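# Analysis of the macromolecular model
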Amino acid sequence: MTLPPGQRALEGFPRFGTHLHHPPPPVPADPVIEIAGAVAEALAVRVSELAALPRHELTADLHCVAGWSALGLRWEGVAFSTLHREHIEPGPGVTHVAFEGLDGFRATLLLEDALADDVLVADRLDGRPLGPDHGAPVRLVSPSQYGFMSTKHLSRIELHAGAPPAQLGSTALSRWGLRAVGFKQHPRSRVWAEERHRHLPGRCFRHLYRALTPGIMYLSKQR
Ligand SMILES: Nc1nc2c(c(=O)[nH]1)N[C@H]1C(S)=C(S)[C@@H](COP(=O)(O)O)O[C@H]1N2
Ligand SMILES: [Mo]
């Protein structure tokens, strides 16, 4: 088994994130994903409409930038590239896509990275509907990038021509103290290149991020 540099395998798959101090957000009765920003037409795609699109299955590991990895997760859903092709008409010069969750969390990907073959809008995990801990009703899954790119409880997709100002849910992050210790997200955040930080080599941050992660994480078997 080979892990990306600086990662440690967990036995289970815990709930994790910058919004852990809150319970998972309630799922609306008829959830939608708003498509907004630099698009020809803003619209809302019902999550139930995703069922009409071609399905995609993917088994992958999830690598948190804090240093833990959950292995062999079997995701099912729709490729982001499919959703993009069928429901999104980008305006001129779109380079970035921001994904927002019902909890207010945001992650910004380069459009090019979001359109990769392994990026999924997932509604099932390990053969079951996605539960609240892991992003119900649907989440983004981008296994080649650090976990914070994989926005849970996906409710809004925003296209941008150029990098939008805030890359991650900034209020939550400052509460978490990551800003204070110099966290600056790398625009691509690819795990195999250890892009843990915008300017500095990722290995410099292994110990720091691990130290900020509750020890209980490493005992968790929840899945
Ligand atoms: N909406 C939302 N998505 C999120 C987060 C979050 O707090 N809220 N945390 C991110 C982080 S830091 C990681 S490592 C993964 C964790 O996914 P999990 O909770 O399913 O383990 O979700 C990412 N997506
Ligand atoms: Mo993470």
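Our subject is the structure that appears above.
Quick caveat: nothing in here was measured; it's all calculated off a predicted structure.

Moving on to the overall build of the protein chain. Check the secondary structure of the protein chain and you find four helices and 11 strands. Counting over 223 residues, the protein chain shows a buried share of 52%. In the protein chain, of all internal contacts separated by at least 6 residues, the share reaching a separation of at least 24 is 67%. On the protein chain, roughly 10,100 Å² of surface is accessible, and the fraction owed to carbon and sulfur atoms is 55%.

Turning our attention to helix H1 (residues 80-87). By the burial criterion, the buried members of H1 are Phe-80, Thr-82, Leu-83 and His-84. Of the surrounding secondary structure, the elements contacted by the buried residues of H1 are strand E5 (68-79), strand E6 (96-101), helix H2 (111-114), strand E8 (120-125) and strand E11 (154-160).

Here we come to the site of ligand 1. Every one of the 20 residues lining ligand 1 counts as a neighbour, but Pro-14, Asp-103, His-134, Arg-139 and Lys-152 are closest to it. A distance of 2.8 Å is found between a nitrogen atom of ligand 1 and a side-chain nitrogen or oxygen belonging to Asp-103. His-134 is positioned such that a nitrogen or oxygen atom in its side chain is 2.6 Å from an oxygen atom of ligand 1. Contact with the protein chains covers 98% of the free accessible surface of ligand 1, which is 540 Å². In terms of residue class, the shell around ligand 1 is built from seven nonpolar, eight polar and five charged.

Within soluble globular proteins, side chains that are nonpolar generally end up buried alongside one another. Of all hydrophobic cores here, the largest spans 50 residues; its most connected members are Leu-50, Trp-75, Phe-80, Phe-99 and Ile-157. Sort the elements by how many residues they give to this core and E5 lands first, with five residues. Dropping the residues within four chain positions of it, Ile-157 is found in contact with Ile-33, Glu-34, Ile-35, Ala-36, Phe-80, Leu-83, Ile-88, Val-97, Ala-98 and Phe-99.

Scanning all chains against the criterion turns up four aromatic pairs. On the basis of an interplanar angle of 85° and a centroid distance of 6.2 Å, the ring pair of Phe-13 and Trp-75 is categorised as edge-to-face. Remark: Trp-75 occurs in strand E5 and Phe-13 occurs in the loop between strand E1 (8-10) and strand E2 (32-37); sequence separation between them is 62 residues. For the pair shown, Phe-13 and Trp-75 are each scored as buried. Seen in terms of ring centroids, Phe-80 and Phe-99 are 5.3 Å apart; in terms of plane orientation they differ by 75°. Their pairing is edge-to-face. Linking Phe-80 in helix H1 with Phe-99 in strand E6, this pair joins segments that are 19 residues apart in sequence. A single burial state applies to Phe-80 and to Phe-99, both of which are buried.

Each regular strand displays side chains that alternate between the two surfaces of the sheet. Two elements, E2 and strand E3 (residues 43-46), share four bridges in a ladder whose sense is antiparallel. Bridge pairing in E3 places Ile-33 opposite Val-45. Here E2 hands over to E3 after five residues, the two strands then running antiparallel side by side.

Glancing now at the side chain of Ser-189. Counting through the fold element by element, Ser-189 comes out in the loop between helix H3 (170-176) and helix H4 (206-212). Setting aside residues no more than four positions away along its own chain, Ser-189 makes contact with Ser-144, Gln-145, Tyr-146, Phe-148, Met-149 and Glu-195.

This paragraph deals with the pattern of salt bridges. Inspection of the entire model under this criterion finds 15 salt bridges. Among the salt bridges present, the one from Arg-188 reaches Asp-113, with a minimum N-O distance of 2.6 Å. Of this pair, Arg-188 sits in the loop between H3 and H4 while Asp-113 sits in helix H2, placing them 75 residues apart in sequence. As a salt-bridge pair, Arg-206 and Glu-194 come within 2.7 Å of each other at their nearest N and O atoms.

It is worth spelling out the sheet that holds E11 at this point. Read from one edge of the open sheet, five strands run E3-E2-E11-E6-E7, paired in mixed fashion. Lying at the two open borders of the sheet, with one neighbouring strand each, are E3 and strand E7 (106-110). Within the sheet, the average angular offset between the axes of one strand and its neighbour, ignoring direction, is 20°. The sheet contact formed by E6 and E7 spans five bridges and is antiparallel. Pairing of Glu-100 across the sheet is with Arg-106, part of E7.

The rules we used
- Residues numbered from 1 in each chain as written.
- Chains lettered and ligands numbered in written order.
- Predicted model: local features only at pLDDT ≥ 70, side-chain atom pairs only at ≥ 80, totals over all residues.
- Heavy atoms only, no water.
- Helix = DSSP H or I, 4+ residues; strand = E, 2+ residues; numbered from the N terminus.
- Buried < 20%, exposed > 50% of the residue type's maximum accessible area, 1.4 Å probe, protein only.
- Contact = heavy atoms within 4.5 Å.
- Areas by Shrake-Rupley, 256 points an atom, 1.4 Å probe, with all protein chains shown as cover.
- Near = heavy atom within 4 Å.
- Polar contact = N/O pair within 3.5 Å; in protein donor to acceptor, adjacent residues only side chain to side chain.
- Nonpolar A, V, L, I, M, F, W, Y, C, P; charged D, E, K, R; others polar.
- Core = buried A, V, L, I, M, F, W, Y, C linked by side-chain atoms within 4.5 Å.
- Phe/Tyr/Trp six-rings, centres within 6.5 Å; stacked < 30°, edge-to-face > 60°.
- Pairing = 2+ DSSP bridges.
- Salt bridge = Lys/Arg side-chain N within 4 Å of Asp/Glu carboxyl O.
- Axes fitted to C-alpha atoms, helices over the stretch in contact; angles between N-to-C directions.

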